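Residues per chain are reported as follows:
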Amino acid sequence: MNPALPDAQRFMGHAKRIKPAEEPLLTHTQADSPMGEAMRLHWQPVCLSSQLKDLPIALRILGEDLVAFRDPQDRIGLLHKHCSHRGASLEFGRITDNGIRCCYHGWHFGHDGSLLDAPAEPVNSPLLKQVKQGAYPVIEFKGLVFAYMGPPTQMPPFPSFDSMHFDDVDLVPYALSHDCNWLQVHENLMDPLHAVFLHSRMGEVQLTQAWGEMPAVEWFEQGDRVCYLTSRQIGDHVWVRFNEVAFPNFGQVAGFWEDGSTAKYFERVGATRWTVPIDNTHCWIFGWRHFSPSLEAKGIGNARQVGLNQLDIYGQTGERGYEEMQRNTGDWEAEVSQGPIAIHALENKGSSDRGVAMLRRHLAQGIANPHQPPSCVEGQTPTWTCNVVLHRPHPMRQDVEMTLSVPELLAIGRSVQSIILAADGLAPNARHARIVAQLQSLSV
Ligand code: FES
Ligand SMILES: [Fe+2]
């Protein structure tokens, strides 16, 4: 007897076999694309200082092929990759005094792209005045090399977030490559619910048990930022985590190892980062892991595991075995497996995705009308990222079902938010002291 046929009407595979295209406005970043040109108006990390040794390195950033090198005068060049003479790649060039010489006919370019010498040409060749190799200005800061790739007349100040200047914190640079579009990596920062599942309940606990508790969540936009506050009841405490992103591709997350067991007021940043497109289907996260005795009091973090394609947080690179990725899946494979460029038209977003939707809207608005730039006090832009743990035994009824919108927890999160935002105009030390004092008053 033949097997009975399944009820084919219930299966949607054939109806869904043809996929719509990606949304190019936010995902495409090549030259002349709206998002790409918005990113070019901001300083972007392009490599680690430690990558610049005795040989030039080939890079692709925002779809542009580039070569970076450090010359003996300790100046960094970031040049278009193909030599202005006849196109040989400068990755095969020789680093020399004041710049680099192309391997093919020895043309010598300075770090600003000036043609200093064309040895096969007469000394008075007009080429020396006429030719300029494409080049970008760079600034090296705390182990990261930043470039400005926008129009020279619109170069902004170098970013100066407060978290780049903490006295008691070591900033350890890192770079993580991802085989997918930048946006699906960046928007993970406004998706706090994935921590409950991906990092906690779907496999091994990758951070601490507390991350597996369902939080109440508040997302908000202010100026160039999109932020979230998650508030979790952990025993007699409420743990509020405040994370932010800034237009276009900056992001920051609070310390990683929080377990909510002891009161804590305005403990700052675990990682500061930029998600930088390599091209439309690859990107880097460049950033710093923050290390200090108080952030690392549990002894879990390890600065020696932070660098090029390594981070001391589980699941941040594609360098684990496939079976391990299947059994204990990390951020890297969750993000990359959305496809080379995630197709938004295929998604079914719910209330837990409000931050992702808000971020996409914020990016589109920022392309059309630049967001208000952040304020600066004593040369620093205040950021808000922090962990706060308040002593608040059972602010809600025990029978309340944990959802994203438990009013008692949301109210605590909002109190933390307003205390932190209200202190933006103060000088850094006074600001910190005032926020800590006011947050302490929220504990009972
Ligand atoms: S191609 Fe570079 S010097 Fe000729
Ligand atoms: Fe994550």
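The rules behind each value
Residues numbered from 1 in each chain as written. Chains lettered and ligands numbered in written order. Predicted model: local features only at pLDDT ≥ 70, side-chain atom pairs only at ≥ 80, totals over all residues. Heavy atoms only, no water. Helix = DSSP H or I, 4+ residues; strand = E, 2+ residues; numbered from the N terminus. Buried < 20%, exposed > 50% of the residue type's maximum accessible area, 1.4 Å probe, protein only. Donors = N, O, S within 2.8 Å, 3.2 Å for Na, K, Ca; no water. Tetrahedral: all angles 85-135°; square planar, octahedral: opposite > 155°, others 65-115°. Contact = heavy atoms within 4.5 Å. Domains from an automatic or database assignment. Buried area = accessible area lost by both parts, 1.4 Å probe. Salt bridge = Lys/Arg side-chain N within 4 Å of Asp/Glu carboxyl O. Polar contact = N/O pair within 3.5 Å; in protein donor to acceptor, adjacent residues only side chain to side chain. Nonpolar A, V, L, I, M, F, W, Y, C, P; charged D, E, K, R; others polar.

### Looking at unusual backbone geometry
Here is step 1 of the chain: Cis geometry marks the peptide bond from Phe-247 to Pro-248, where omega comes out at -5°.
Here is step 2 of the chain: For Pro-248, the position within the fold is in the loop between β14 (237-246) and β15 (250-254).
Here is step 3 of the chain: In the Ramachandran plot, Asn-98 falls in the positive-phi region, its phi being about 55° despite a non-glycine side chain.
Here is step 4 of the chain: Inspection of the secondary structure assignment puts Asn-98 in the loop between β5 (94-96) and β6 (99-101).
Here is step 5 of the chain: A relative accessible area of 31% places Asn-98 in the partly exposed class.

### Describing the coordination of the iron ion (ligand 2)
Here is step 1 of the chain: Note on the iron ion (ligand 2): its protein donors are His-194 (NE2), His-199 (NE2), Asp-331 (OD) and Asp-331 (OD). The metal-donor distances range over 2.0 to 2.3 Å.
Here is step 2 of the chain: What the 4 donor atoms of the iron ion (ligand 2) show is an angle range of 57 to 141° at the metal, which sorts the shape as irregular.
Here is step 3 of the chain: The sequence pattern describing where the donors of the iron ion (ligand 2) fall on their chain is H-x4-H-x131-D. Highlighted residues: His-199 in helix α5 (residues 193-201) and Asp-331 in helix α7 (residues 331-336), separated in sequence by 132 residues.
Here is step 4 of the chain: What makes Asp-331 buried here is its relative accessible area of 7%.

### Some points on the environment of Gly-330
Here is step 1 of the chain: Examined against the element boundaries, Gly-330 turns out to sit in the loop between α6 (322-327) and α7.
Here is step 2 of the chain: Put simply, Gly-330 and Thr-317 are 13 residues apart on the chain and 8.4 Å apart in space, counted from C-alpha to C-alpha.
Here is step 3 of the chain: Among all residues touching Gly-330, those that are not within four sequence positions of it are Leu-198, Gln-206, Tyr-314, Gly-315 and Arg-320.

### Section: the domain arrangement of the protein chain
Here is step 1 of the chain: Taken domain by domain, the protein chain holds domain 1 (43-154) and domain 2 (162-440).
Here is step 2 of the chain: If you average the C-alpha positions of domain 1 and of domain 2, the two centres end up 36 Å apart.
Here is step 3 of the chain: Between domain 1 and domain 2, the residue contacts involve 16 residues of the former and 19 residues of the latter.
Here is step 4 of the chain: Carbon and sulfur atoms make up 69% of the area that domain 1 and domain 2 hide from each other, which totals about 1,400 Å².
Here is step 5 of the chain: Taken together, the links from domain 1 to domain 2 amount to 1 salt bridge.
Here is step 6 of the chain: The closest approach of N and O atoms between Asp-279 and Arg-60, which form a salt bridge, is 3.0 Å.
Here is step 7 of the chain: Counting every contact that joins domain 1 to domain 2 gives 7 residue pairs in polar contact (both at pLDDT 80 or more).
Here is step 8 of the chain: Listed by contribution, the elements that provide at least two residues to the side of domain 1 that touches domain 2 are β1 (44-48), β2 (57-61) and β10 (144-147).
Here is step 9 of the chain: Ranked by the residues each element gives to the side of domain 1 that touches domain 2, the list is headed by β1, at 5 residues.
Here is step 10 of the chain: Of the residues contributing to the side of domain 1 that touches domain 2, the split by class is 10 nonpolar, 4 polar and 2 charged.

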